[in-house]
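# Chain and residue survey
As a plain string of letters, each chain reads:
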Amino acid sequence: ITTYPWLLALPKVELHIHLEGMLEPELMLSLARKNGIQLPFNTIGQLYEAYRFNQLQDFLDIYYQGAQVLITQQDFYDLTWHYLKKCQQQNIVHAEPFFDPQTHTARGIPFGDVIEGISAALTDAREKHGITSHLIMCFLRHLSEIDAFNTLEQAKPFLDCLTAVGLDSSEKGHPPEKFSRVFNQAKTLGLLTVAHAGEEGPALNIWSAINTLGVSRIDHGVTAIDDTKLIDYLVGTQLPLTVCPLSNVKLAIFPEMSKHCILNLLEKGVCVTVNSDDPAYFGGYLTENFYALSQSLNLTQTQAHKMLVNAIQASFANDNRKQAML
Ligand code: HPA
Ligand code: ZN
């Protein structure tokens with residue numbers, strides 16, 4: 001990164017980042033000790049050993065195990081604050097993080113502790129460092145529609161803390177349309193919608209997220225490259241994709257970074273953005289994702305700049321804030 005100071009210096013916006021995916025090994029092990037949680041890993045070395053994934057599900061299994069060390073409201077605050085410190089270091093001026101409440105409420109953690117811990121850190125970062133943010137609550141798609149409805153119900157007292165709902169976890173076997181009714185209800189509550197689609201699943205899932213969930217953005221969406229009609233649609237509407245290069249390579253969506261399609265999509269005119277997804281697990285935060293593109297795909301400064309402008313346009317920031325960032 002030292003050889004690419006312009007990457008670090010650019011003001012950046014991040015639209016696809018899971019709070020539970022920022023649980024660094026050190027923090028995971030120290031929270032496990034503090035909270036008396038037994039993990040199948042005892043050392044940082046064992047954790048890194050486990051972080052060799054062949055597919056999305058390998059990652060998800062470990063990601064959900066790791067998240068069990070989060071117990072108190074302060075734990076959620078600290079986790080969020082860890083990311084916001086990274087934002088400062090990397091010159092990320094606006095972020096729209098996801099959280100997965102069901103991972104925690106299923107273990108008996110009160111919904112309010114999760115969202116209040118996260119929101120307090122986001123508020124502090126806004127007041128102390130001028131980092132703006134919008135929080136997105138994701139439903140776990142491997143769980144039932146009823147479970148998602150119950151989660152939305154629990155969110156009702158906290159709608160002020162939320163901008164949108166999203167959809168994550170195992171894409172195979174759990175297409176977007178499974179959640180069309182709960183997304184409709186979220187919209188009636190004034191929430192925007194996004195969804196993971198076209199990561200491991202086919203372009204058809206991207207169409208379904210657009211047509212049955214009414215999403216404002218697609219998270220990942222890289223399999224759009226297989227469907228020329230969809231590419232035309234994405235170019236015509238400028239519906240954004242939040243692409244996560246290091247994540248895609250770690251989860252073997254692409255065999256290596258030099259085979260990643262992000263710059264092809266960009267050159268076709270799709271509104272693509274660069275994001276880190278789960279940086280503690282995939283080996284890099286936002287700057288490192290840009291850096292990987294510059295190393296393997298000869299990302300130019302013009303292309304990097306275009307994708308950052310895309311991220312500002314694609315964000316849920318209001319027009320004044322967008323203007324200030326442009
Ligand atoms: N895909 C699906 N679910 C997730 C991801 C992802 O990349 N990261 C965290 N949960
Ligand atoms: Zn993701």
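Note that the structure is predicted; figures quoted are calculated from it, not measured. (Residues numbered from 1 in each chain as written. Chains lettered and ligands numbered in written order. Predicted model: local features only at pLDDT ≥ 70, side-chain atom pairs only at ≥ 80, totals over all residues.)

### Regarding the overall build of the chain
Keep this limit in mind: Secondary structure elements are defined from DSSP: runs of H or I of at least 4 residues count as helices, runs of E of at least 2 residues count as strands, and each element is numbered from the N terminus. Taken over C-alpha atoms, the radius of gyration is set against a globule rule of 2.2 Å times the number of residues to the power 0.38. Here a residue counts as buried when 20 or more other C-beta atoms sit within 10 Å of its C-beta, as exposed when there are 12 or fewer, and as partly exposed otherwise, the C-beta atoms being derived from the backbone. For every residue pair, C-beta atoms are placed from the backbone, and the pair is scored as a contact if these atoms sit within 7 Å.
A count of helices and strands for the chain gives 17 helices and 10 strands. Computed over C-alpha atoms, the radius of gyration of the chain comes to 18 Å, within 12% of the 20 Å expected from 2.2 N^0.38 for 326 residues, which places it in the range of a compact globule. Over its C-alpha atoms, taken along the principal directions, the chain stretches across nearly 50 × 45 × 40 Å. Here the chain, with 326 residues, has 48% of them falling under the buried criterion. Residue pairs in contact within the chain that sit at least 24 positions apart in sequence constitute 75% of those at least 6 positions apart.

### Details of the UniProt feature "binding site: substrate" (unreviewed entry) in the chain
Using the following cut-off: UniProt positions are given in the numbering used here, feature names are shortened, and annotations may be inferred rather than shown by experiment.
Under the UniProt annotation, "binding site: substrate" (unreviewed entry) lies at Asp278. With respect to the helices, strands and loops of the structure, Asp278 is situated in the loop between strand E10 (272-274) and helix H14 (279-282). The class of Asp278 is buried, set by 25 C-beta atoms lying within 10 Å. In this structure Asp278 touches His18, Gly21, Tyr63 and Ser247, once residues within four positions along its chain are discounted.

### Things to note about the nonpolar core
Quick reminder of the rule: Put simply, a nonpolar core is buried Ala, Val, Leu, Ile, Met, Phe, Trp, Tyr and Cys residues tied into one set by C-beta atoms within 7 Å.
In terms of nonpolar packing, the biggest core is built from 95 residues, with Ile118 and Val272 touching the most fellow members. Take this core: its biggest share by element is six residues, from helix H7 (residues 111-129). Excluding anything up to four places from it in sequence, Val272 contacts Leu241, Val243, Ile262, Leu265, Leu266, Met307 and Asn310.

### Notes on the pairing of strand E8 (residues 217-220)
The condition is simple: Note on pairing: DSSP must find at least two bridges between two strands before they are called paired. The handedness rule is simple: strands pointing away from the viewer, and a clockwise path from the first strand over the helix to the second, make the crossover right-handed.
The sheet contact formed by strand E7 (residues 192-197) and E8 spans four bridges and is parallel. Bridging from a neighbouring strand, Ala197 pairs with His220 of E8. For the crossover that starts at E7, traverses helix H10 (residues 203-213) and ends in the parallel E8, the hand is right-handed. Note: E8 against strand E9 (residues 241-243), two bridges, orientation parallel. Directly across from Asp219, in E9, lies its bridge partner Thr242. The parallel pair E8 and E9 is bridged by helix H11 (residues 228-237), and the resulting crossover is right-handed.

### Comments concerning the pairing of strand E2 (residues 92-95)
The two faces of a sheet get side chains in turn, since along a regular strand they alternate between them. Here strand E1 (residues 12-14) pairs with E2 via three bridges, running parallel. Residue Val13 lies in a different strand from E2, and its bridge partner there is His94. Here E2 runs beside strand E4 (residues 132-133); their pairing, made up of two bridges, is parallel. Residue His94 lies in a different strand from E4, and its bridge partner there is Thr132.

### Comments concerning the UniProt feature "active site" (unreviewed entry) in the chain
UniProt records the feature "active site" (unreviewed entry) for Glu199 in the present numbering. Counting through the fold element by element, Glu199 comes out in the loop between E7 and H10. Non-local contacts of Glu199, meaning those with residues more than four positions away in its chain, are made with Leu56, Glu171, His220, Val222 and Ile253.

### Considerations on the environment of Ile253
Structurally, Ile253 can be placed in the loop between helix H12 (245-250) and helix H13 (262-268). With 21 C-beta atoms packed within 10 Å, Ile253 lands in the buried category. Separated by 197 residues in the primary sequence, Ile253 and Leu56 have C-alpha atoms spaced 8.7 Å apart.

### Some thoughts on the sheet that holds E2
Here three strands make up an open sheet; going across it, the order is E1-E2-E4 and the pairing parallel. Strand pairing shows two members of the sheet lacking a second neighbour, E1 and E4, which therefore form its edges.

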